[in-house]
Amino acid sequence: MAIWNQRYETMAREELQQVQLERLQATVNRAYENVAFYKRLFDQLGIVPEDIKSLEDLAKLPFTTRQDLLDGYPYDMFAVPLRDVVRIQSTSGTATAPTVCGYTANDLHSWSELAARTLVSCGIDKDDVVQVYFGYGLFGAGFGFQYGAERIGASIIPVSVASPERQIAVMRDFKITAIIGTPSYALSVAELLESAGVNPRALSLRVGLFGGEPWSDNVRSQVEAKLGITAMDYYGLNELVSPGVSCECEAKQGLHIAEDHFIAEVIDPKTAKLVDAGCEGELVLTTLSKEALPLIRYRTCDLTSIDTSPCVCGRTLARMARVHSRTDDMVIVQGISLFPSQIQAILTEIEGTEPHYRMVINRVGASDSLEIQVEVSDRIFVDTVGKLEQFEKKISARIQSALGISPRVRLVEPKTLEQVTGRRRSVVIDNREL
Amino acid sequence: MAMLRVKSLTTYYGGIQALRGVSLHVDEGEIVALVGANGAGKTTILNTICGLVPPSDGEVVFDGKTVTGLPAERLVRLGLSQVPEGRQIFGPMTVLDNLLLGAYHRSRSERKSNLYSDLEFIYSVFPILQERSKQRAGTLSGGEQQMLAIGRALMSRPRMLLLDEPSVGLAPMVAKEIFKVIAKVRDFGTTVLLVEQNARAGLAIADRAYVLETGKIILEDMASDLMSNKEVQRAYLGKGYTHVWE
């Protein structure tokens, strides 16, 4: 299959390392000069940018965490004045703890380049007609794929969020060959096709790119079988670029990391030490080309391993294993990232005390549902069924407006949730088979 | 393939640190520009690569060989020639003698006919030098002297040319002529690393560029992308200074 950027995607490792060193030094110089957070951090540790003489010296630098981005909300981590920023994207939760990402004109340029690589690597070319299920909002994946598709000259149809019926009509009438969205949404589209008696193989569909939530090889085979397509995985982060960090190739043996734009390390999440080559741990990414938001050793909380052995596709870029789990308690439901702490903050705000609660995630057919069980306490004790329901609706509406997901809220008897406390992640019961 | 690879170069002039860990590379056939303000360290980079100033740390690899700190004449033999700022041609000598001087390291070992065929080539790139070949170099105009300096460096048959401020002191029209010549030199197969204070002209001719600030590289990108970088525009292209809110 084709390679979008022969020069960088098939570069000899030695040359790539030279490019990485140059860009790392430039990034560190800019971050130190222009971001107060990094200046302070480096000064505290007695590090100056010129201490980075080789790629190995990266290990001397401190980590950046999601919390650091939250503390810098919204603009403190930017390395350029706001007038140079031409785009701002953010995570879905706009009311509680969003992370913000800014882009200069050049950043958008790099993003389209990286998205183009992702599309081409997954087998999409200028002759494809691409339908994007992702929303075009603060969460940026829709935009990224749009830029990438336009760069390679494919036709893109930004259907974005619409009813599955509408999606199917577009798919059929526009002779869509490639679809992009979450794997669970693809499955629900498949189900609808089935119930409508439409044979997906009678459509023009060929390939799908899926992400935005973890999905197993099992889900992959389901999507492929039901839609009659090749299903490909890509990886990105809203804080960096998504899509664009890494993507599968035809070999489907891991995701090639755009190492000329990002340096990837894998650490033990507990000790923060680098793991041995090839071992699993937390992915840490350093940006090499970002102007607006350079991030040094950003802890992604995603668990993976890195393989630097040659790939049959000809790319020399290292590959990361598909991400199935995280080091923190974030869960992704209906494509939206949620932290229990966000739910807790909302419940606390409504109840006025620390709530006892539990998040239960189920998958019925292809769609995810979130149920939030909240223990009734003295403070929120109500005696009529009507008032209880009202209260449940109030919580649900508050979560919907803050986090963009509409959960089912169920009030439960006091003390019923206690037996699960004490275990890590016990507030989240994920019944999905991912 | 990278023809020149510089890793974390650190250089002191007396007690003053002029370069703070500079890394860069130039691929075969590329024109790469170094842009930055006066005193940012652009010329020091060239002088350190050329062996005129010893680095205190770092590595220079030319054509796969480590050449850190090698004297300039050894580098010329390896195919790396510098055209220094201010031309430094020999005024009392003729244009022809200046050119032949550029091939001094070849004149003992090679047949004269080789040198003269190279001379033909130089004259085809710079017809004016042929016209003036018998004239004393000191009588040439600034632009012609610059062409002579480039021509003289080409006489060593370099694989790579380091050019230090080739447009300095020249009228805009003449400078434009020089940049055309540089593009031609590359088209004939010589790789170019160019230091240029006229950032706009440097970026216009280069494929890729590095932006240097107080002895450190702060940006590396395709030259066309750097041209649209706001920071670069403000600092080096004189654009946008009227926008004041920050």
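Keep in mind it's a predicted model, so treat the numbers as computed, not measured. (Residues numbered from 1 in each chain as written. Chains lettered and ligands numbered in written order. Predicted model: local features only at pLDDT ≥ 70, side-chain atom pairs only at ≥ 80, totals over all residues. Heavy atoms only, no water.)

Residue and element names in this part refer to chain B. Following the criterion strictly, the structure yields 43 salt bridges over all chains and no others. Asp118 serves as the salt-bridge partner of Arg157, at 2.9 Å between the closest nitrogen and oxygen. Of this pair, Arg157 sits in the loop between helix H7 (142-154) and strand E7 (160-164) while Asp118 sits in helix H5 (residues 112-125), placing them 39 residues apart in sequence. Judged by relative accessible area, which is 45%, Arg157 ranks as partly exposed. (Salt bridge = Lys/Arg side-chain N within 4 Å of Asp/Glu carboxyl O. Helix = DSSP H or I, 4+ residues; strand = E, 2+ residues; numbered from the N terminus. Buried < 20%, exposed > 50% of the residue type's maximum accessible area, 1.4 Å probe, protein only.)

Residues and elements named next belong to chain A. The strand order across the open sheet built from nine strands is E4-E3-E5-E6-E7-E8-E9-E14-E13, with neighbouring strands paired in mixed fashion. Taken across any chain shown, the strands that pair with only one partner, and hence form the sheet edges, are strand E4 (155-157) and strand E13 (306-307). Bridging between E13 and strand E14 (residues 319-320) involves two bridges; their strand directions are antiparallel. Bridged to Asp307 within E14 is Arg319. Contacting strand E5 (178-181), strand E6 (207-210), strand E7 (230-235) and strand E8 (246-248), helix H5 (residues 105-121) runs over the sheet at an angle of about 10° to E8. Packing of helix H9 (residues 217-227) onto the sheet brings it into contact with E5, E6, E7 and E8, and relative to E7 it is tilted by some 140°. (Pairing = 2+ DSSP bridges. Contact = heavy atoms within 4.5 Å. Axes fitted to C-alpha atoms, helices over the stretch in contact; angles between N-to-C directions.)

Our focus in this paragraph is the environment of Ala36 of chain A. Residue placement: Ala36 of chain A occurs in helix H3 (residues 36-45). On the basis of relative accessible area, Ala36 of chain A is assigned to the exposed category, the value being 52%.

This part covers unusual backbone geometry. A negative phi holds for most residues other than glycine; trans holds for most peptide bonds. Residue and element names in this part refer to chain A. Put simply, Tyr73 and Pro74 share a cis peptide bond, and its omega is -5°. The residue after Ser242, namely Pro243, is reached through a cis peptide bond having omega 0°. Look at Cys301: it is not a glycine, yet its phi comes out positive at around 70°. Here Cys301 shows up in strand E12 (residues 298-304).

Taken together, the side chains of Tyr75, Leu82 and Ile88 of chain A make up a nonpolar region of the molecular surface, amounting to roughly 230 Å² of accessible area. Relative to the assigned elements, Tyr75 of chain A resides in the loop between helix H4 (66-71) and strand E1 (85-90). (Patch = residues over 30% accessible without salt bridge, like charges linked within 9 Å, V, L, I, M, F, W, Y side chains within 5 Å. Areas by Shrake-Rupley, 256 points an atom, 1.4 Å probe, with all protein chains shown as cover.)

Partitioning chain A into structural domains gives domain 1 (1-327) and domain 2 (332-430). In this structure, domain 1 of chain A and domain 2 of chain A have C-alpha centres spaced 31 Å apart. (Domains from an automatic or database assignment.)

Bringing the interface of chain A and chain B into the picture now. Between chain A and chain B, the residue contacts involve 23 residues of the former and 33 residues of the latter. Across the interface of chain A and chain B, roughly 2,500 Å² is buried in total on both sides, 42% from carbon and sulfur atoms. Its largest share of buried area at the contact with chain B, chain A owes to Gln18, Glu22 and Arg83 of chain A, together 26% of the area lost on that side. The interface formed by chain A and chain B includes seven salt bridges. For Glu14 of chain A, the salt bridge goes to Arg5 of chain B, with nearest N and O atoms at 2.9 Å. Every element with two or more residues in the side of chain A that touches chain B is listed here: helix H1 (6-9), helix H2 (13-34) and H5 of chain A. Ranked by residue count, the leading element in the side of chain A that touches chain B is H2 of chain A, at 12 residues. The residue makeup of the side of chain A that touches chain B, split by class, is six nonpolar, five polar and 12 charged. (Buried area = accessible area lost by both parts, 1.4 Å probe. Nonpolar A, V, L, I, M, F, W, Y, C, P; charged D, E, K, R; others polar.)

Bringing the side chain of Ser242 of chain A into the picture now. In this structure, Ser242 of chain A sits in the loop between E7 and E8. Those residues in contact with Ser242 of chain A, other than ones at most four positions away along the chain, are Trp111, Gly140, Ala141, Tyr234, Gly236 and Leu237 of chain A.

Moving on, we get to the packing of aromatic side chains. Residues and elements named next belong to chain A. Under the defined criterion, the tally for this structure stands at 13 aromatic pairs over all chains. Taking 4.8 Å as the distance between ring centres and 65° as the angle between the ring planes, the aromatic pair formed by Tyr133 and Tyr185 counts as edge-to-face. Note that Tyr133 is positioned in the loop between strand E3 (129-132) and helix H6 (141-152) and Tyr185 in helix H8 (residues 183-195), a separation of 52 residues in sequence. Residue class for Tyr133 comes out buried when judged on its relative accessible area of 7%. Plain terms: the ring middles of Phe134 and Phe145 are 6.4 Å apart, the flat faces sit at 5° to each other, and that makes the pair stacked. A residue pair is termed long-range when its members are at least 10 positions apart, and Phe134 in the loop between E3 and H6 and Phe145 in helix H6 qualify at 11 residues. Exposure remark for Phe134: the relative accessible area of 6% places this residue in the buried category. Of note, Arg87 hangs over the ring of Phe143, and the distance from its end group to the ring centre comes to 4.4 Å. Taking NZ or CZ as reference, Arg322 lies 4.4 Å from the ring centre of Trp215, over its face. (Phe/Tyr/Trp six-rings, centres within 6.5 Å; stacked < 30°, edge-to-face > 60°. Lys NZ or Arg CZ within 6 Å of the ring centre and 35° of its normal.)

Turning our eyes to something else, we now look at the pairing of E7 of chain B. All names here are of chain B. Most of E7 is tucked away: five of the five residues are buried. Residues Met160, Leu162 and Asp164 of E7 are buried on one face, and the alternating residues Leu161 and Leu163, pointing to the opposite face, are buried as well. Pairing of strand E6 (residues 80-83) with E7 involves four bridges; the strand directions are parallel. Across the sheet, residue Ser81 finds its bridge partner in E7, namely Leu161. Bridging between E7 and strand E8 (residues 191-195) involves five bridges; their strand directions are parallel. Of the residues in E8, the one forming a bridge with Met160 is Thr191. Once you follow E7 into helix H8 (residues 172-187) and on to E8, the crossover reads as right-handed. (Right-handed = clockwise from strand over helix to strand, strands pointing away.)

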